[in-house]
Amino acid sequence: MLYKSKLKGSFGRIYPIVMIVIYIFSMIEIYIRWNLNNSGYDLLLIPAFSMTLAGLFFIVMGFIQLFKYRLWVNVVIGLLFGIGCVLAIFVLSYDFPFIKIIYFINALLVVLLVILTWPTLSGQERFEANARRLFKLVSELITETSNGFTERPYSAGKIVVSKEDMEGFARFVNGKYIARSFHVSSMVYLVFSMNRSVYTVNEPTEASYVSIDQDGNLSVRISQQDYHQYKATFNFDQLCETMAKGFVRFIEYYKNGNENRIITELKTAR
């Protein structure tokens, strides 16, 4: 039996789906142009309509990602890819050296931008992927679908952990792209999200988090955007409780020198 995820599909899956659709449109367009040429028309066998559609898709997705993740690089790459798709039509259709130069510069800008911003792009991808694993992991045993989202943070009890271990664990989850750590006064916030880029978070309250104060008191906040990634309205208190227990378990793994178990457990989340 195929496993059915409790989470909605990731935003990134739109790209391969649309690319396959556009590829099919391109084949159909080329076939139509070929038939029209056989009927006496003089058309280039270049899927200009499909390539323009692909360009518009990249541009629109760039702006959508800008509003979703708040990363400027997404919209710039989207614009450059979109412009590149349109320029490719003229490069393949006409012998204009000036257009070819512009196309080459555009492609070079894409490559340079990806290289320069790769740590952010790859880091964001890993943070989001691990956030999805976290939310999948904590919902595995939850079936109750009453008492939906509430804005308030959830008090999740206490944990016994030294300041040194807490700081070490915060560095570990940050370095492994599990959660971004914030130190505010005597509180440590471990911030994660499936929607907002943690790179653009200025305050922990802008995303989901688990917080731990100097006395070991735990608090959990799950953002409305992250909560609505679930297909069902799971009991919010249970969700926060299991999220807290998950982080407590991870901290115990870290204290006992079993950091690899954290990674393994996340990777097994379906």
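By convention here, each chain's residues receive numbers from 1 onward along its written sequence. Given that this is a predicted model, residues contribute local features only at a pLDDT of at least 70 and side-chain atom pairs are listed and counted only at 80 or more, while totals for whole chains, interfaces and linings are drawn from all residues. Neither water nor hydrogens contribute to the side-chain values; these are computed over all heavy atoms in the structure.

S.K.: I would appreciate a short explanation of the overall build of the protein chain in the present structure.
M.R.: Comment: elements are numbered from the N terminus, with helices defined as DSSP H or I runs of at least four residues and strands as E runs of at least two. When helices and strands are counted, the protein chain shows eight helices and five strands. For a compact globule of 270 residues, the expected C-alpha radius of gyration is about 18 Å, and the protein chain comes in at 24 Å, more than 25% above that figure. Here's how the labels work: a residue is buried when its accessible area is under 20% of the maximum for its type, exposed when over 50%, partly exposed in between, all with a 1.4 Å probe on protein chains only. When the 270 residues of the protein chain are sorted by exposure, 43% land in the buried category. Contact criterion: two residues are considered in contact whenever any of their non-hydrogen atoms come within 4.5 Å of each other. When contacts within the protein chain are restricted to residue pairs at least 6 apart in sequence, those whose partners lie at least 24 apart make up 66%. Per-residue accessibility takes into account occlusion by the displayed protein chains alone, with areas from the Shrake-Rupley method and a 1.4 Å probe. Of the roughly 15000 Å² of accessible surface on the protein chain, a fraction of 62% belongs to carbon and sulfur atoms. The convention is simple: Lys and Arg are positive, Asp and Glu are negative, and His and the chain ends are not counted. By convention, the point assigned to a charge is CZ for Arg, NZ for Lys, CD for Glu and CG for Asp. Counting 27 positive and 21 negative side-chain charges, the protein chain places the averaged centre of each group 5 Å from the other. Two things to know: the radius of gyration comes from C-alpha atoms, and the globule rule equals 2.2 Å times the number of residues to the power 0.38.

S.K.: Would you explain the pairing of strand 5 (residues 217-221) in this entry?
M.R.: Along any regular strand, the residues point their side chains to alternate faces of the sheet. By the criterion of burial, strand 5 is predominantly enclosed, with four of the five residues buried. Of the strand pairs in this sheet, strand 1 (residues 154-158) and strand 5 are connected by three bridges, and their pairing is antiparallel. Each bridged residue has a counterpart across the sheet, and for Ser155 the counterpart in strand 5 is Ser219. Pairing geometry for strand 4 (residues 208-212) and strand 5, over four bridges, is antiparallel. Bridge pairing in strand 5 places Tyr209 opposite Arg221. Criterion used throughout: strands pair if DSSP finds at least two bridges between them. As consecutive antiparallel partners, strand 4 and strand 5 are separated by four residues, and within that stretch Gly216 has a phi angle of approximately 85 degrees, a positive value.

S.K.: Any chance you could explain the packing of helix 4 (residues 97-139) against helix 7 (residues 236-255) here in plain terms?
M.R.: Helix-helix packing: each pair is described by the crossing angle between the helix axes and the interaxial distance. One way to put it is that helix 4 packs onto helix 7 with a least axis distance of 9 Å and a crossing angle of 110 degrees. Classified by the angle their axes make, helix 4 and helix 7 are roughly perpendicular. Handedness of the helix 4/helix 7 crossing: right-handed. Where helix 4 approaches helix 7, its residues Leu134, Phe135, Leu137, Val138 and Ser139 are matched on the opposing element by Leu239, Thr242, Met243, Phe247, Arg249 and Phe250. Residues are grouped as follows: Ala, Val, Leu, Ile, Met, Phe, Trp, Tyr, Cys and Pro are nonpolar; Asp, Glu, Lys and Arg are charged; all remaining types, including Gly, are polar. When its residues are assigned to classes, the contact of helix 4 with helix 7 shows eight nonpolar, two polar and one charged. The axes used here are C-alpha line fits, helices contributing only the stretch in contact, and every angle between their N-to-C directions lies in the interval 0 to 180 degrees. Note that the term roughly parallel is reserved for angles under 35 degrees, roughly antiparallel for angles over 145, roughly perpendicular for angles of 65 to 115, and oblique for everything else. Left-handed describes a crossing in which the near helix is turned anticlockwise from the far one by less than a right angle; the clockwise case is right-handed.

S.K.: Explanation requested: the nonpolar core in the structure shown.
M.R.: Note on soluble globular proteins: their nonpolar side chains tend to be buried together. Buried residues of nine kinds, namely Ala, Val, Leu, Ile, Met, Phe, Trp, Tyr and Cys, make up a nonpolar core once their side-chain atoms join them within 4.5 Å. Counting residues in each nonpolar core, the largest one holds 43 residues, and the members touching the most others are Phe169, Leu190 and Phe192. Contributions of two or more residues to this core are made by helix 4, strand 1, helix 5 (163-175), strand 3 (187-192), strand 4, strand 5, helix 7 and helix 8 (259-267). The element that contributes the greatest number of residues to this core is helix 7, accounting for ten residues. Discounting residues that sit within four places of it in the chain, Phe169 has contacts with Leu190, Phe247, Phe250, Ile251, Tyr254 and Ile262. Membership of the second largest hydrophobic core comes to 15 residues, among which are Phe11, Val73, Leu80 and Val110.

S.K.: When you look at the packing of aromatic side chains in this model, what are you seeing that I'm missing?
M.R.: Aromatic ring pairs are defined here through the distance separating the ring centres and the angle between the ring planes. Stacked, tilted and edge-to-face are the three classes applied to pairs of Phe, Tyr and Trp rings, where Trp contributes its six-membered ring and a pair requires centres within 6.5 Å; stacked means planes under 30 degrees apart, edge-to-face means over 60, and tilted covers the rest. Applying the stated rule across the entire model yields 20 aromatic pairs. With a centroid separation of 5.4 Å and 70 degrees between ring planes, the pair formed by Tyr15 and Phe57 is classed as edge-to-face. In this pair, Tyr15 sits in helix 1 (residues 14-38) while Phe57 sits in helix 2 (residues 48-69), placing the two residues 42 residues apart along the sequence. When its relative accessible area of 22% is taken as the criterion, Tyr15 is described as partly exposed. Within the aromatic cluster, the residues linked to one another by ring pairs are Phe135, Phe192, Tyr227, Tyr230, Phe234, Phe236, Phe247, Phe250 and Tyr253.

S.K.: I'm lost on the pattern of salt bridges in this one. Help?
M.R.: Between side chains of opposite charge, pairing is possible as soon as their charged atoms come close. Criterion for a salt bridge: a side-chain nitrogen of Lys or Arg within 4 Å of a carboxyl oxygen of Asp or Glu. Applying the stated criterion to the full structure yields six salt bridges. Among the ionic pairs, Glu29 bridges to Arg33, the shortest N-O distance being 3.2 Å. Here Glu29 and its partner Arg33 are both found in helix 1, four residues apart, which amounts to about one turn of the helix. For Arg33, a relative accessible area of 18% gives the class buried. The salt bridge involving Glu252 is made with Lys255; its shortest N-O contact spans 3.4 Å. On the criterion of helical spacing, the pair formed by Glu252 and Lys255 is a turn pair, its members being three residues apart in helix 7.

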